[in-house]
Amino acid sequence: MTTERRERIAIAAAGLSTPIGHGVEAFWSALLAGTSGISRIERFRVDDLRVGLGGEIKELERIKSLGRVPDSRASRLLLSAADELVAQTDFRPLPLDPSRVAVVVGTALGGVEEGERALGGDRTRRRLRDALYDAPAHDLARWLGATGPAITVSTACASGATALAVGADLLREGEADAVVAGGYDILCRFVMRGFDALRSLTRDFVRPFDRRRTGLLLGEGAALVLLLREKDAGRARLGTLLGYGSASDGAHIAAPDPGGAGLERSVRAALAQADVTPDDLDFVSAHGTGTPLNDKIETAVLRRVIGTRAVPVNSIKPGIGHTMGAAATLEAIMCLLASRHGMIPATLHLEEIDPECDFDHVMGQPRASRPRISLSTSLGFGGCNGALVLEGRA
Amino acid sequence: MRAPHPRALGFLSARTSEAQAPRGADDRAAYSFGRPAPRQTRSRRATRECLLALAAVDAMLEDGGASRDAIAGERTALLYSTAACYAASNRSFIEGGGGIHFAYTAPAVVPAEVAIEFGVTGPYAIFLGGPPATLRAIWQAALLLESGSCDRALVLAVEIFEECADLFARAPRLVGRPLVEVAACLWLEPGHGRLVFESSRADGRRSRAIQADEGEMLGCGPLAVLDRWRRSGGKAPLRLSGAWRGEQARLMWDQDPAPSASDAHERKESVSELHGRGGR
């Protein structure tokens, strides 16, 4: 692979909403405290499903900034993350030419819940428009007042990583001067039924890399970052996006390639673009879903790339669920917060490391460590693999 | 940005596959392909959009006079664009009557079936939206080619409408008519000249059909224009454009992107072969 090193992109600020808290500070405190946001789902019917648990946000944060707030939960969740972002950055009204501000959002489900409603008897045109997967990105652009590109990417559960990479490309190619990028997805009956049918959901805790792991739980969330060219960003940034890599498995539509070749290619491509070596890695935020296959494959790939060196690894999915389109962005933000605060959150419910998943897992309690260079991995339906390399700012 | 060379294009349109139905002479709401026959046991559960994607790649290989081996491996990138072709599988799953495997509701599964079938394992991205998303996919392909991340890039676009024609009929301001199902795959390689991408947004504009007499193809629209450009000999400056949900995007090649005269000759021959078999 001859991927050339590209301009580094600053991650200036973040905004998010998760089952363990709204806002970066609440999220971080909850991660360190080992708070679980997993509960019985209450917003829609789950009594006919094998598993009715998930990372549900019981009440969406009220959007404080003025402006029309869309009906759809997906758009409202996305805007709630944006609301925090703009509050931190004085980004609404936009401080620069609106045509130079882009929105890039990743999602696995888009506005599918609105599709359920449209098919369930709600015949309003708005419901149909909102059912399209790109509707929330357009709602976000409209709410921000941004008139640059409004892009939706959907690489399944790697979508949040793809969005950051596409956003970075917009800056490098001069298409925009600022990009609001990230991912979101909501819990709805559609996705709960789907994963329930796949028998991917656990009735136990989510236990990534644990010998007793039996599956994942879903969650909902939204996470956005403000991307700027490094030269345009101030010193107060969260960190830097150094590199991204993607690769298709070309193996199976719903399961990862047992050999992990696609994931390995994406990790190596991200390292190459970042111009760092595996020896430079200080921390790995694993996809870590808690499914038997995912965690085994991920460990094997990390072993092949990193070798036997002890590099701390965690997964934040046990406490918030697998937030699908939001997951990779949330995990990228977590990496940068770990650098800022000098602490790595522990993997909740990991108690007995599976010998096939042996690594330097952060378990039990947060670890005092200040990673500079982090790797974040993502895998999704369709054999989508994505990897981000990030540099934190102490 | 260095312009990519469109080496081959597989372009399958339901309107032309329907015995050359007279254009503009009827008021049908949608032209459908129906369900293609699964090529093998592995793909028998695949959705219609997946099977059409596979057919588009086959048509592209035929157009390029290339074997499957030519696109297999990690040096081939795969970019996928659609505005709404996931709607059919989503509906099937929501209404519960189709017995659809849940994974097939994900937009990512359409390029995944291509990746599995043809062994394409390089970089990828998936853009959801109308024509601007497809133009964005071409742009992203050019970026991957320029950065050396791949040797060739496939831009796949699929739109199907039959299963949700009643829903689309309820949104006349969003989509035009007649709706025309299309599956297309474009093979890009490093070319000559520069590629320029422009986009602007102004809320309130609606999507426009690529050309009134061809119908609404949503994300496949720009590839319909590219198909026409190639069939006309590919001499004029290549410009693709399209609008969707307020975004107007344009992609412009500043000169003939073909890398050499001999390549252009080969391309012309393969286009003739494609016309000979009645495809577009």
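Residues numbered from 1 in each chain as written. Chains lettered and ligands numbered in written order. Predicted model: local features only at pLDDT ≥ 70, side-chain atom pairs only at ≥ 80, totals over all residues.

In this section: the overall build of chain A. Counting secondary structure elements, chain A contains 11 helices and 16 strands. Oriented by its inertia axes, the alpha-carbon framework of chain A measures out at about 55 × 55 × 40 Å. Sequence separation of 24 or more characterises 80% of the internal contacts of chain A that already satisfy a separation of 6 or more. (Helix = DSSP H or I, 4+ residues; strand = E, 2+ residues; numbered from the N terminus. Contact = placed C-beta atoms within 7 Å.)

A word on the domain arrangement of chain A. All names here are of chain A. Splitting chain A by domain gives domain 1 (9-232) and domain 2 (239-392). Listed as interface residues are 62 residues of domain 1 and, on the opposing side, 59 residues of domain 2. For the side of domain 1 that touches domain 2, the secondary-structure elements that each account for two or more residues are β1 (9-18), α1 (24-33), α6 (159-172), β7 (178-185) and β8 (221-229). At eight residues, α6 tops the list of elements feeding residues into the side of domain 1 that touches domain 2. Within the side of domain 1 that touches domain 2, the residues separate by chemical class into 34 nonpolar, 20 polar and eight charged. (Domains from an automatic or database assignment. Nonpolar A, V, L, I, M, F, W, Y, C, P; charged D, E, K, R; others polar.)

Within soluble globular proteins, side chains that are nonpolar generally end up buried alongside one another. Among the nonpolar cores identified, the biggest contains 244 residues, and V103 of chain A together with A56, L79, L156 and A184 of chain B are the most heavily contacted of them. Here this core takes 11 residues from helix α2 (residues 48-64) of chain B, the largest share from any one element. Excluding residues that lie within four positions of it along the chain, L156 of chain B makes contacts with A53, A56, L78, L79, Y80, P111, V114 and C185 of chain B. (Core = buried A, V, L, I, M, F, W, Y, C linked by C-beta atoms within 7 Å. Buried ≥ 20, exposed ≤ 12 C-beta atoms within 10 Å, placed from the backbone.)

Burial analysis of helix α5 (residues 135-144) of chain A places 10 of its 10 residues in the buried class, which makes it a mostly covered element. All of the buried residues in α5 of chain A are A135, P136, A137, H138, D139, L140, A141, R142, W143 and L144 of chain A. Looking at the buried residues of α5 of chain A, the elements they touch are α2 (73-89), β5 (101-106), α4 (125-131), β6 (150-153) and β7 of chain A together with β7 (182-201) of chain B.

We now examine the interface of chain B and chain A. Taken together, the contact pairs 48 residues of chain B with 53 residues of chain A. The pairing of β6 of chain A with strand β4 (residues 124-128) of chain B spans two bridges and is antiparallel. What sits directly across from V153 of chain A, in β4 of chain B, is F127 of chain B. (Pairing = 2+ DSSP bridges.)

Our next topic: the environment of E163 of chain B. Residue and element names in this part refer to chain B. With respect to the secondary-structure elements, E163 resides in the loop between β5 (152-159) and α6 (165-169). For E163 and S32, which are 131 residues apart along the polypeptide, the C-alpha to C-alpha distance reads 9.4 Å. Setting aside chain neighbours within four positions, we find E163 in contact with A88, R91 and S92.

Here the focus is the pairing of strand β3 (residues 76-82) of chain B. Residue and element names in this part refer to chain B. Taking burial as the measure, the seven residues of β3 include seven buried ones, the bulk of the element. Both β3 and β5 contribute to a ladder of six bridges, which runs parallel. Opposite Y80, over in β5, you have L156 as the bridge partner. Sheet analysis places β3 next to β4, joined by five bridges and oriented parallel. Its bridge partner lying in β4, L79 is registered against A125.

For the rest of this paragraph, the subject is helix α5 (residues 131-147) of chain B. All names here are of chain B. The end-to-end C-alpha distance of α5 is 24 Å, a good match for the 24 Å that 17 residues give at a rise of 1.5 Å each. For α5, the buried fraction is high: 15 of the 17 residues fall into the buried class. Once α5 ends, the next one or two residues include G148, with phi positive near 80°. (Expected span 1.5 Å × (residues − 1).)

Our focus in this paragraph is the pairing of strand β1 (residues 2-13) of chain B. In summary, the side chains of a regular strand alternate between the two faces of the sheet. Residue and element names in this part refer to chain B. Here β1 lies mainly inside the structure; 11 of its 12 residues are buried. Here β1 pairs with β7 via 10 bridges, running antiparallel. Looking across to β7, one finds that F11 is bridged to A184.

Right, let's talk about unusual backbone geometry for a bit. The linkage connecting R177 of chain B with the following residue, P178 of chain B, adopts the cis geometry, with an omega of 0°. Residue placement: P178 of chain B occurs in the loop between α6 and β6 (179-180). Notably, M324 of chain A is not glycine yet its phi reads approximately 55°, a positive angle. Locating M324 of chain A in the fold gives a position in the loop between α10 (317-320) and α11 (327-341). According to the C-beta neighbour criterion, M324 of chain A is buried, with 29 such atoms within 10 Å. In this structure, L218 of chain B takes a positive phi of about 45° despite not being glycine. Residue placement: L218 of chain B occurs in the loop between β7 and α7 (221-231).

Here R125 of chain A lies in helix α4. Taking the number of C-beta atoms within 10 Å as the measure of exposure, R125 of chain A has 13 and is therefore partly exposed. As for R125 of chain A and G174 of chain A, which are separated by 49 residues in sequence, their C-alpha atoms are 36 Å apart. Every residue in contact with R125 of chain A, bar those within four places of it in the chain, is listed here: R170 and A171 of chain B.

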